[in-house]
Amino acid sequence: MASELNLTTVCNALGDPVRMKIAHCLASSGEKNCSAFEVDHISKSTLSHHIKILREAGLIRPRIEGKQHFYSLRKEDLNSRFPGLVELILNTTKEYVH
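Keep in mind the model is a prediction, meaning the values are calculated, not measured.

Rules used in this analysis
Residues numbered from 1 in each chain as written. Predicted model: local features only at pLDDT ≥ 70, side-chain atom pairs only at ≥ 80, totals over all residues. Heavy atoms only, no water. Core = buried A, V, L, I, M, F, W, Y, C linked by side-chain atoms within 4.5 Å. Buried < 20%, exposed > 50% of the residue type's maximum accessible area, 1.4 Å probe, protein only. Helix = DSSP H or I, 4+ residues; strand = E, 2+ residues; numbered from the N terminus. Contact = heavy atoms within 4.5 Å. Pairing = 2+ DSSP bridges. Axes fitted to C-alpha atoms, helices over the stretch in contact; angles between N-to-C directions. 1 Å grid on protein atoms, 1.4 Å probe; cavity = no way out; pocket = protein on both sides within 12 Å on 5 of 7 lines; lining within 4 Å. Points joined across faces, edges and corners; volume = space filled by probe spheres on them. Nonpolar A, V, L, I, M, F, W, Y, C, P; charged D, E, K, R; others polar.

Caption draft 1: Quick peek at the nonpolar core. Within the largest apolar cluster, 25 residues are counted, with the highest numbers of intra-cluster contacts made by Leu14, Ile22, Phe37, Leu59, Ile60, Leu73 and Leu78. Looking at this core, the elements with two or more residues in it are helix H1 (7-13), helix H2 (17-29), helix H3 (44-56), strand E3 (68-73) and helix H5 (85-92). Among the elements that take part in this core, H2 stands out by supplying six residues, more than any other. If we ignore the near neighbours within four places in the chain, the residues touching Phe37 are Ile22, Cys25, Leu26, Lys32, Leu47, Ile51 and Tyr71.

Dropping the structure here:
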């Protein structure tokens, strides 16, 4: 639920450039699976670690289809709990996105 999102936890999760880039990618383009994230030169296990942190912070929601895991940013919940946060993610991460 949106009311369970904690600002400190959310900000901590977004404090890493790779996680901010993943959040930006999801905010700008919607649902993606792990292989579609545009992150440079990190291993699959490192990417999984970053996704886990974003998921546990409540920023992203998983959807499992067979063996595929798809993730989406919880835009509605984030905007409800922290108005303007998604827009801030989109506007401040341009240096992370190619």
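Caption draft 2: Region of interest: the side chain of Ser72. Here Ser72 is to be found in strand E3. The exposure class of Ser72 is buried, given its relative accessible area of 18%. Discounting residues that sit within four places of it in the chain, Ser72 has contacts with Leu26, Glu31, Leu59, Ile60 and Arg61.

Caption draft 3: Main features of the sheet that holds strand E1 (residues 32-33). The strand order E1-E3-E2 describes an open sheet built from three strands, whose pairing is antiparallel. Of all strands in the sheet, those with a lone pairing partner are E1 and strand E2 (60-65), marking the two edges. Where H2 meets the sheet, its contacts fall on E1, E2 and E3, and the angle it forms with E3 comes to roughly 80 degrees.

Caption draft 4: Just the environment of Leu47, in detail. Within the element layout of this structure, Leu47 appears in helix H3. For the pair Leu47 and Val86, spaced 39 residues apart in sequence, the C-alpha to C-alpha distance is 21 Å. Sequence-distant contacts of Leu47, defined by excluding residues within four places in its chain, comprise Ile22, Cys34, Phe37, Val39 and Ile42.

Caption draft 5: Geometry of the layout of surface pockets. In this structure, the largest pocket occupies an estimated 270 Å³ of space. Forming the walls of the largest pocket are 13 residues, and the residues nearest its centre are Cys34, Ser35, Lys44, Ser48 and His69. It is H3 that provides the largest number of residues to the lining of the largest pocket, a total of six residues. In the lining of the largest pocket, the residues fall into four nonpolar, five polar and four charged.

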